[in-house]
Amino acid sequence: EDKVVQSPLSLVVHEGDTVTLNCSYEVTNFRSLLWYKQEKKAPTFLFMLTSSGIEKKSGRLSSILDKKELFSILNITATQTGDSAVYLCAVFSRGYQKVTFGTGTKLQVIP
Amino acid sequence: DVKVTQSSRYLVKRTGEKVFLECVQDMDHENMFWYRQDPGLGLRLIYFSYDVKMKEKGDIPEGYSVSREKKERFSLILESASTNQTSMYLCASRPGQRDTIYFGEGSWLTVV
């Protein structure tokens, strides 16, 4: 059975801190891993990762994939209260319609 | 812009009632999904559909059914709502085999 596990489940940090969110996976025929941010509405797309070792970056957020060790990390530097959200990791498999999601990490950034 | 619309955002239903959650997408996507989201459990797949009138069970189909009579519309049905179905329900669509998924805004269901 395909599995995606995120850690930690939740985390509280102060503004300005740097955080690292983890996503590990065990899926058949891995093709890509996506990160989403979810506030109190529909999840919004952050990154898609398909190749090991290539960092994707957008402002203060960055992400990288390790296909050998089967995990990805999402880094947020200089956190702001607007970063408070649930961060979801999703894995797409080759030749398969299903998308497997992780449990999510709830991040709270306090002033 | 792709739009996935869930018509009911907040519902309160009584135990035993039949509940319909509707989802419409406007981009001719083949695949549509229903998830429920609970704290600490993430998104769990209830059912998905890869074509009109086609459906497949996800990880937690018990107590739910679905209907896809038209490509753009995917309905989730709770035949007899129970309190343990209180949750947030997310609809999503995916074009073919592309690695992208679009979500609706979510439907918050409370069963009392």
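Since the structure is predicted, the reported quantities are computational estimates derived from the model, not experimental observations.

A.B. asks: Just give me the short version of the interface of chain B and chain A, but keep the residues and values in it.
C.D. replies: At the interface, 24 residues of chain B touch 21 residues of chain A. When chain B packs against chain A, the two sides together hide about 1,800 Å² of surface, and 56% of this comes from carbon and sulfur. Of all residues in chain B, B:Gln97, B:Asp99 and B:Phe103 give up the largest surface area on contact with chain A, accounting jointly for 30% of the area buried on that side. Here chain B is connected to chain A by 1 salt bridge. A salt bridge links B:Asp99 to A:Arg31; the nearest nitrogen and oxygen atoms lie 2.5 Å apart.

A.B. asks: Please give an account of the side chain of A:Thr79 that cites residues and values.
C.D. replies: Looking at where A:Thr79 falls in the secondary structure, it is placed in the loop between β8 (71-76) and β9 (85-93). Beyond its immediate stretch of four places on either side in the chain, A:Thr79 contacts A:Val13, A:His14, A:Glu15, A:Gly16, A:Asp17, A:Val19, A:Arg60 and A:Val109.

A.B. asks: Explain the state of the cysteines to me, and be specific about the residues and the numbers.
C.D. replies: All names here are of chain B. Tallied over the entire structure, the rule returns 2 disulfides over all chains. Across the disulfide, Cys23 is cross-linked to Cys91 (sulfur-sulfur distance 1.9 Å). Where Cys23 bonds to Cys91 through sulfur, the torsion about that S-S bond is close to -75 degrees, and the disulfide is left-handed. With Cys23 in strand β3 (residues 19-25) and Cys91 in strand β9 (residues 87-94), this pair connects stretches of sequence that are 68 residues apart. Each member of the pair, Cys23 together with Cys91, is buried.

A.B. asks: Could you give an account of the layout of surface pockets, with specific residues and numbers?
C.D. replies: By volume, the largest pocket is sized at about 600 Å³. Forming the boundary of the largest pocket are 25 residues, of which A:Gln38, A:Lys40, A:Val86, A:Lys106 and B:Gln37 lie nearest the centre. For the lining of the largest pocket, the elements supplying multiple residues, two or more each, are β9 and β11 (105-110) of chain A together with β4 (31-38) and β9 of chain B. Looking at the lining of the largest pocket residue by residue, the class counts come to 8 nonpolar, 12 polar and 5 charged. Size it by volume and the second largest pocket reaches roughly 360 Å³. Lining the second largest pocket we find 17 residues, and of these A:Ala42, A:Pro43, B:Val2, B:Tyr102 and B:Phe103 sit closest to its centre. Elements supplying a minimum of two residues to the lining of the second largest pocket: β5 (44-49) of chain A together with β1 (4-6) and β10 (102-103) of chain B.

A.B. asks: So what about the side chain of A:Gln38? Which residues, and what values?
C.D. replies: In this fold, A:Gln38 is placed in strand β4 (residues 30-38). Only 3.4 Å separates the side chain of A:Gln38 from the backbone oxygen of A:Lys41, close enough to count as a polar contact. Separated by 2.7 Å, the side chains of A:Gln38 and B:Gln37 make a polar contact. Each residue touching A:Gln38, except ones within four places of it in the same chain, is listed here: A:Pro43, A:Ala85, A:Val86, A:Leu88, B:Gln37, B:Met88 and B:Leu90.

A.B. asks: If you had to explain the packing of aromatic side chains to someone new, which residues and values would you point to?
C.D. replies: For any pair of aromatic rings, the description consists of the separation of the ring centres together with the inter-plane angle of the planes. Overall, the coordinates contain 9 aromatic pairs over all chains when judged by the stated rule. Seen in terms of ring centroids, A:Tyr25 and A:Phe30 are 4.6 Å apart; in terms of plane orientation they differ by 15 degrees. Their pairing is stacked. Accessibility classification places A:Tyr25 together with A:Phe30 in one group, the buried group. A centroid spacing of 6.1 Å and a plane angle of 25 degrees characterise the contact between B:Phe33 and B:Tyr35, whose relative ring orientation is stacked. Considered together, B:Phe33 and B:Tyr35 belong to a single accessibility category, that of buried residues. Among the aromatic residues, ring-to-ring pairing joins A:Tyr36, A:Phe45, A:Phe101, B:Phe33, B:Tyr35, B:Phe48 and B:Phe103 into one connected group.

Definitions and cut-offs
- Residues numbered from 1 in each chain as written.
- Chains lettered and ligands numbered in written order.
- Predicted model: local features only at pLDDT ≥ 70, side-chain atom pairs only at ≥ 80, totals over all residues.
- Heavy atoms only, no water.
- Contact = heavy atoms within 4.5 Å.
- Buried area = accessible area lost by both parts, 1.4 Å probe.
- Salt bridge = Lys/Arg side-chain N within 4 Å of Asp/Glu carboxyl O.
- Helix = DSSP H or I, 4+ residues; strand = E, 2+ residues; numbered from the N terminus.
- Disulfide = S-S within 2.5 Å.
- Buried < 20%, exposed > 50% of the residue type's maximum accessible area, 1.4 Å probe, protein only.
- 1 Å grid on protein atoms, 1.4 Å probe; cavity = no way out; pocket = protein on both sides within 12 Å on 5 of 7 lines; lining within 4 Å.
- Points joined across faces, edges and corners; volume = space filled by probe spheres on them.
- Nonpolar A, V, L, I, M, F, W, Y, C, P; charged D, E, K, R; others polar.
- Polar contact = N/O pair within 3.5 Å; in protein donor to acceptor, adjacent residues only side chain to side chain.
- Phe/Tyr/Trp six-rings, centres within 6.5 Å; stacked < 30°, edge-to-face > 60°.

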